[in-house]
Amino acid sequence: MKAIVQDRYGSYDVLKLMDVPKPTPAGNEVLVRVHAAAINAYDWHVMRGDPYVMRLLSPAWFGLSGPKRRIRGRDFAGRVEAVGKAVTQVQPGDEVYGDLSDANGAFAEYVCVPVDLVDSKPANLTFEQAAAVPLAGTTALAGLQGVQPEQHVLINGASGGVGTFAVQIAKSLGAYVTGVCSKRNIDLVQSLGADHVIDYTQEDFTRAGQRYDLVFDLVGNHSLARLRSALTSTGTLVLSGGGVFDGGSFFGPMSLIIRSQIVSRFIRHRVLVLSVTPGQEHLAALRNLIESGKVVPAIDRTFPLHKVPDAIRYMEEEHAQAKVVITV
């Protein structure tokens, strides 16, 4: 089968379309014929091995000189082709979607995945739309846990992959939502239901005087002190910044996360650093939101499998709106 393979860290040229053996499902796994996959910030982090500290902290994915898992990609949607002997929840022909987590990647014609990491594809979505959901949707869902009706929520990075889901999920919870993005993305964020949109090139939300019950930071472009200044006295700060590549760094966006974990012990605000664990429960919750019409995946553009390097370049350099999807 064809797959996008990486054996060393580097720029886009380390990603190669190659023939690799078609996987065989173990007892608790399903073999899925992939119809679509999605690009995440995670993919370029692994591609580049950046930030360098991740090579020490995430041994399941990051080796010292190259990634432990050769095939890139996490999110997928497709049809079940075969199931392991212990699998009873799905059968060949079922349409599914999911997040591969620590398994080999989704930029391939076939993937084997534990059955508890897949769920039925939302009936009202195409494979391309469904592939855009798992990691970004699960991150948004986790970051907004506990949000109550009429609370004020700010999403920094509202036009990105996670941000577009977060705006819609926060609205479904009854919150008053402020999205932060660039001028060119204001219409998109408004179309997703944001009550107010801030153009960060014209206004710094941390200095505007407005206070929020929850600030969901997906960018990492403000200090911890500035982010806290935008919170109410009992507010919550949620950190899940993907960052951008700036030539390589030891800590990168993790420097903010590390500082927050130290400081959070001594401040009144609640500071949460997201650590998202994919699973069927989250996928089912997202499917319910999608099939009820409360959430619609937003897709910037699609690329074919052999154009994965171009897709990652587009996401990284052009600051793509919403999700970038791979067709297989």
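Computed from a predicted model, the values in this text were never measured in an experiment.

Definitions and limits used
- Residues numbered from 1 in each chain as written.
- Predicted model: local features only at pLDDT ≥ 70, side-chain atom pairs only at ≥ 80, totals over all residues.
- Heavy atoms only, no water.
- Core = buried A, V, L, I, M, F, W, Y, C linked by side-chain atoms within 4.5 Å.
- Buried < 20%, exposed > 50% of the residue type's maximum accessible area, 1.4 Å probe, protein only.
- Helix = DSSP H or I, 4+ residues; strand = E, 2+ residues; numbered from the N terminus.
- Domains from an automatic or database assignment.
- Contact = heavy atoms within 4.5 Å.
- Pairing = 2+ DSSP bridges.
- Phe/Tyr/Trp six-rings, centres within 6.5 Å; stacked < 30°, edge-to-face > 60°.
- Lys NZ or Arg CZ within 6 Å of the ring centre and 35° of its normal.
- Axes fitted to C-alpha atoms, helices over the stretch in contact; angles between N-to-C directions.
- Parallel < 35°, antiparallel > 145°, perpendicular 65-115°, else oblique.
- Nonpolar A, V, L, I, M, F, W, Y, C, P; charged D, E, K, R; others polar.
- pLDDT = per-residue confidence, 0-100.
- Polar contact = N/O pair within 3.5 Å; in protein donor to acceptor, adjacent residues only side chain to side chain.
- Salt bridge = Lys/Arg side-chain N within 4 Å of Asp/Glu carboxyl O.
- Expected span 1.5 Å × (residues − 1).

(A) Looking closely at the nonpolar core. Ranked by internal contacts, the top residues of the largest apolar core, which has 44 residues, are Leu144, Ile155, Val167, Ile169 and Phe216. Within the residue set of this core, elements represented by two or more residues are α3 (127–131), α4 (134–143), β8 (152–156), α5 (161–172), β9 (176–181), α6 (186–191), β11 (212–217) and α9 (280–291). A total of six residues in this core trace back to one element, the largest contributor, which is α5. When residues of this core are assigned to domains, at least three map to each of domain 1 (2–134 + 279–327) and domain 2 (137–273). Setting aside its immediate chain neighbours within four residues, Ile155 contacts Gly163, Ala166, Val167, Val177, Thr178, Gly179, Val180, Phe216 and Leu218. Counting residues in hydrophobic clusters, the runner-up holds 34 residues, among them Val32, Ala311, Val324 and Ile326.

(B) Layout of the pairing of strand β6 (residues 110–114). The element β6 is largely enclosed, with a buried count of four among its five residues. Both strand β3 (residues 29–38) and β6 contribute to a ladder of five bridges, which runs antiparallel. From the neighbouring strand, Arg33 faces β6, where its bridge partner is Tyr110.

(C) Structural view of the packing of aromatic side chains. The final tally for this structure, using the stated rule, is one aromatic pair. Ring geometry for Phe303 versus Tyr314: centroids 6.1 Å apart, planes at 50 degrees, classification tilted. Residue Phe303 is found in strand β14 (residues 299–304), and its partner Tyr314 is found in helix α10 (residues 308–317); the two are separated by 11 residues along the sequence. One cation-aromatic arrangement involves Arg33 over Tyr110; the distance from NZ or CZ to the ring centre is 5.5 Å.

(D) Looking closely at the sheet that holds β8. Taken together, the six strands give an open sheet; going across it, the order is β10-β9-β8-β11-β12-β13, and neighbouring strands pair in parallel fashion. Since the sheet does not close on itself, it has two edges, and those belong to β10 (196–199) and β13 (270–273), each with one partner. Here the strands of the sheet are splayed against their neighbours by 15 degrees on average, with no regard to which way each runs. Sheet analysis places β11 next to strand β12 (residues 231–239), joined by five bridges and oriented parallel. Note that in β12 the partner of Phe216 across the bridge is Val238.

(E) Broad picture of the packing of α4 against α9. Here α4 crosses α9 at 90 degrees, and the two axes come no closer than 10 Å. Of the possible angle classes, the one that applies to α4 and α9 is roughly perpendicular. On α9, the residues touching Pro134, Gly137, Thr138 and Leu141 of α4 are His282, Leu283, Ala285, Leu286 and Leu289. Taken together, the residues that form the contact of α4 with α9 break down as six nonpolar, three polar and no charged.

(F) How the structure looks around the confidence of the model for the chain. Per-residue confidence for the chain gives a mean pLDDT of 89, with 86% of residues at or over 70. Segment residues 244–248: pLDDT under 50, and nine contacts once partners within four positions in sequence are set aside and those in other chains are kept.

(G) Spotlight on the environment of Glu81. Note on placement: Glu81 falls in strand β4 (residues 75–83). Since its relative accessible area comes to 35%, Glu81 is described here as partly exposed. Between the C-alpha atom of Glu81 and that of Leu31, which follows or precedes it by 50 residues, the distance is 5.6 Å. With near-sequence residues (within four places) excluded, Glu81 lies in contact with Lys22, Leu31, Val32, Arg33, Pro92 and Tyr110. Within polar-contact distance, the side chain of Glu81 engages the side chain of Lys22 at 2.7 Å.

(H) Summary view of the pattern of salt bridges. By the definition in use, this model includes 13 salt bridges. For Arg79, the salt bridge goes to Glu95, with nearest N and O atoms at 3.1 Å. Here Arg79 is found in strand β4, whereas its partner Glu95 is found in strand β5 (residues 95–99), with 16 residues between them in sequence. You can call Glu95 partly exposed: its relative accessible area is 31%.

(I) Structural detail: α5. Between its first and last C-alpha atoms α5 spans 18 Å; for 12 residues at 1.5 Å apiece the expected length is 16 Å, and the two agree. Within α5, 10 of the 12 residues are buried, which leaves it mostly tucked inside the rest of the structure. For α5, every residue scored as buried is listed here: Gly161, Val162, Gly163, Thr164, Phe165, Ala166, Val167, Gln168, Ile169 and Ala170. Trailing α5 by a residue or two, Gly174 shows a phi angle of about 90 degrees, which is positive.

(J) Unusual backbone geometry, seen in detail. For Glu150, which is not a glycine, the phi torsion comes out positive at approximately 75 degrees. Unusually for a residue other than glycine, Ala322 sits at a positive phi of about 50 degrees. For Ala322, the location among the structural elements is in the loop between α10 and β15 (323–327). Using a relative accessible area of 9% as the deciding quantity, one classes Ala322 as buried.

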